[in-house]
Amino acid sequence: MRMRITTGMAMNTYRYNLQNSTANMTDSRNKVLTHRKFDSFAEDPASAIQAWRVRRSMVNTACYAKNNKDTLTRFDIAYATMGAVTHELTDLDGRSADIYAANDPTAAGRNELGKVLSETAESVIHAMNGAKSGSDFVFAGDDELNAPFTWNADRTILYYRGVNVNAGSVKSPAAAPEWAPKDAADPKKGADVTDNAALAQAFKDSIPASENEAEREWVDYYKGVTNTQPSSAAPDWVPKNAAGNPVANDDASLAQAYKDSLPDQGTPEYSQMSTVEQAWVDYYKGNSAQKPDAEPAWNVDPKDDFGVPKGARDILNDPNASAYDKAWAEYYLDQGDVKHLQKMSEEEAPIDLGMGLLRDDNGNLVPGTYYNRTLPGINMLGFGVDEDGDPKNVCMIMKQLGEIYSRCTKDEGRYASDQDYEDAMRLMNKLKDAQGYASGKYVDISAEASFLKQNQERLDLQVNYLNEQRSSIEDVDLADAITNFSWDYYCYSAALKVGTQLLSQSLIDYMS
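Residues numbered from 1 in each chain as written. Predicted model: local features only at pLDDT ≥ 70, side-chain atom pairs only at ≥ 80, totals over all residues. Heavy atoms only, no water.

**Brief notes about the overall build of the chain**
For step 1, the next point in the chain: A count of helices and strands for the chain gives 15 helices and seven strands.
For step 2, the next point in the chain: In terms of overall size, the chain is more extended than a compact globule, its C-alpha atoms giving a radius of gyration of 43 Å where 512 residues would be expected to give roughly 24 Å.
For step 3, the next point in the chain: Sequence separation of at least 24 residues holds for 64% of the intrachain contacts in the chain that already meet a minimum separation of 6.
For step 4, the next point in the chain: As presented, the chain carries roughly 28800 Å² of accessible surface, and 50% of it is formed by carbon and sulfur atoms.
For step 5, the next point in the chain: Once the 51 positive and 78 negative side-chain charges of the chain are each reduced to a mean point, those two points are 11 Å apart. (Helix = DSSP H or I, 4+ residues; strand = E, 2+ residues; numbered from the N terminus. Rg over C-alpha atoms; globule rule 2.2 N^0.38 Å. Contact = heavy atoms within 4.5 Å. Areas by Shrake-Rupley, 256 points an atom, 1.4 Å probe, with all protein chains shown as cover. Lys, Arg positive; Asp, Glu negative; His and termini not counted. Charge placed at Lys NZ, Arg CZ, Asp CG, Glu CD.)

The structure is reproduced here in structure tokens:
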């Protein structure tokens with residue numbers, strides 16, 4: 001007895017097989033269209049985990065490459081700017097500046113050279129402020145939204161982010177001026193006002209030399225060469241007592257003569273002195289009982305981040321404050337500016353360029369695992385003063401030289417004073433050193449830019465290698481995928497044809 005296969009039975013089996021053929025064809029077609037081996041984690045967990053790791057590395061490397069590209073742009077701008085600055089400074093080198101400054105035949109050009117030096121200094125600052133990457137000032141350290149350099153009203157003081165680049169030029173009140181009598185026990189300190197011997201010696205040292213025989217007798221008398229007071233008329237520099245007679249050659253009289261020789265408050269000579277010198281004058285004149293080398297009592301906490309007492313600025317703005325207090329306030333503020341400039345010169349803006357970016361146990365970034373993209377402008381041009389009190393900043397050196405040369409006579413180019421001549425010769429040598437310093441920074445930026453270019457190439461290659469690795473994990477072999485799709489499509493088409501034949505036979509068989 002034959003078992004009868006009904007249409008329902010045949011159709012159920014056919015539908016199941018047709019669905020399988022349709023699913024196989026769809027999967028094959030999707031692989032051809034997407035080029036992917038799998039679309040979900042469940043399809044291939046091991047490959048999916050490996051692919052996720054590779055893709056994460058690709059995203060990180062792409063970020064590193066973008067950071068590197070942005071940083072390279074900044075250094076390229078800095079390189080171009082420092083190249084222009086170095087070129088301007090080179091134009092002032094020996095062949096032009098030295099000739100006009102040192103040689104008498106061309107001395108008439110010193111006035112013009114002064115203008116050139118001053119204008120070049122301002123041009124350099126314009127170039128430094130004009131270096132921008134987008135809206136960021138390249139040479140502003142970590143404060144990229146504001147111009148790094150500014151001048152005061154008469155363009156004689158240069159500021160970096162509001163701080164005088166010549167910080168360190170204010171002498172400590174504890175160090176007595178050169179003209180002050182010195183303590184015999186410690187020549188670096190000023191003598192006490194009660195030390196008549198030291199004050200008398202200071203008066204003797206101030207006695208002018210003379211070729212006049214009669215006047216030389218008075219010099220020898222007060223110098224202690226002779227003990228007999230000369231009978232000739234006393235020169236103008238000889239101190240007089242209340243009766244109008246020359247004072248005796250003893251320590252007490254000469255100490256008082258030294259005190260009397262110092263300028264009084266309110267005189268032009270007094271006003272032209274530095275605040276430190278005024279404090280020492282007040283001490284020796286008896287206007288202040290406080291010796292300047294003793295720190296003030298108000299130098300206590302609270303202090304700001306740079307060690308400056310909170311009341312220092314108030315003292316400077318107080319017209320009734322003594323020269324002693326003002327001298328120490330100026331010194332504290334100046335030393336605070338030194339620390340501020342040093343801190344700004346060491347600023348860092350760490351950026352991850354694929355070097356690891358590690359932190360130590362204290363939370364600080366480990367050197368070598370990050371890149372510092374800051375370019376503080378004071379590191380390019382110099383800041384502070386040297387042991388002679390001269391500026392290290394190349395623009396301020398040019399400004400001071402410009403002022404000296406502008407005081408030279410227009411026709412002959414003679415210096416206004418011997419001191420101007422000495423200052424000019426000294427500053428000219430230091431200008432050459434400052435030029436060399438700026439050129440060295442130009443080379444440093446070039447080296448950094450070269451590193452960034454090489455790092456960019458490395459990151460780009462790394463992205464390519466990672467993409468190849470990702471492709472080997474995720475992507476199908478397109479030739480195999482097309483072949484598999486063709487076969488699955490053929491099976492699907494064949495299934496459709498079988499279905500039409502099966503339906504026709506089953507219907508006839510049912511009707512019979």
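From this point on, the discussion continues.
**Some details on the side chain of N455**
For step 1, the next point in the chain: Topologically, N455 is positioned in helix α14 (residues 418–474).
For step 2, the next point in the chain: Once residues within four sequence positions are removed from consideration, N455 is found in contact with N68 and L353.

**Focus: the confidence of the model for the chain**
For step 1, the next point in the chain: Per-residue confidence for the chain gives a mean pLDDT of 86, with 92% of residues at or over 70.
For step 2, the next point in the chain: By mean pLDDT, the top-scoring element of the chain is strand β4 (residues 158–160) (97), and the lowest-scoring one is helix α3 (residues 97–102) (56). (pLDDT = per-residue confidence, 0-100.)

**Here we look at the sheet that holds strand β3 (residues 149–151)**
For step 1, the next point in the chain: Here we have three strands laid out as an open sheet, ordered β3-β4-β5, and antiparallel in their pairing. Each edge of the sheet is formed by a strand with only one pairing partner; in this case those strands are β3 and β5 (163–164).
For step 2, the next point in the chain: With two bridges joining them, β4 and β5 adopt antiparallel strand pairing. In the strand pairing of β5, Y160 is matched with V163. (Pairing = 2+ DSSP bridges.)

**Let's talk about helix α13 (residues 394–406)**
Because an α-helix packs 3.6 residues into every turn, residues spaced three or four apart end up facing the same way.
For step 1, the next point in the chain: For α13, which comprises 13 residues, the first-to-last C-alpha distance of 18 Å matches the rise-based estimate of 18 Å (1.5 Å per residue) to within 8%.
For step 2, the next point in the chain: Burial analysis of α13 places ten of its 13 residues in the buried class, which makes it a mostly covered element.
For step 3, the next point in the chain: Those residues of α13 that fall on the buried side of the exposure criterion are V394, C395, M396, I397, M398, K399, L401, G402, I404 and Y405.
For step 4, the next point in the chain: You can read the cap of α13 off the contacts: a side-chain oxygen lies 2.9 Å from the backbone nitrogen of C395, and it is on N393. (Expected span 1.5 Å × (residues − 1). Buried < 20%, exposed > 50% of the residue type's maximum accessible area, 1.4 Å probe, protein only. Polar contact = N/O pair within 3.5 Å; in protein donor to acceptor, adjacent residues only side chain to side chain.)

**Quick word on the environment of R373**
For step 1, the next point in the chain: Turning to its location among the elements, R373 is positioned in the loop between β7 (371–372) and α12 (377–381).
For step 2, the next point in the chain: Spatially, the C-alpha atom of R373 lies 32 Å from that of R470, the residues being 97 residues apart in sequence.
For step 3, the next point in the chain: Ignoring any residue separated from it by four or fewer positions in sequence, one finds R373 in contact with T71, R74, F75, E144, A349 and I351.

**Digging into unusual backbone geometry**
For step 1, the next point in the chain: Going from D301 to P302, the amide bond is cis rather than trans, its omega being 5°.
For step 2, the next point in the chain: Its place among the elements puts P302 in the loop between α9 (275–285) and α10 (312–316).
For step 3, the next point in the chain: Here the phi dihedral of R161 falls at roughly 50°; this positive angle occurs in a residue that is not glycine.
For step 4, the next point in the chain: Position of R161 relative to the elements: it lies in the loop between β4 and β5.
For step 5, the next point in the chain: Given the relative accessible area of 23%, R161 is considered partly exposed.
For step 6, the next point in the chain: A positive phi angle, close to 50°, is found at L357, a residue other than glycine.
For step 7, the next point in the chain: The residue L357 is located in the loop between β6 (350–351) and β7 in this model.

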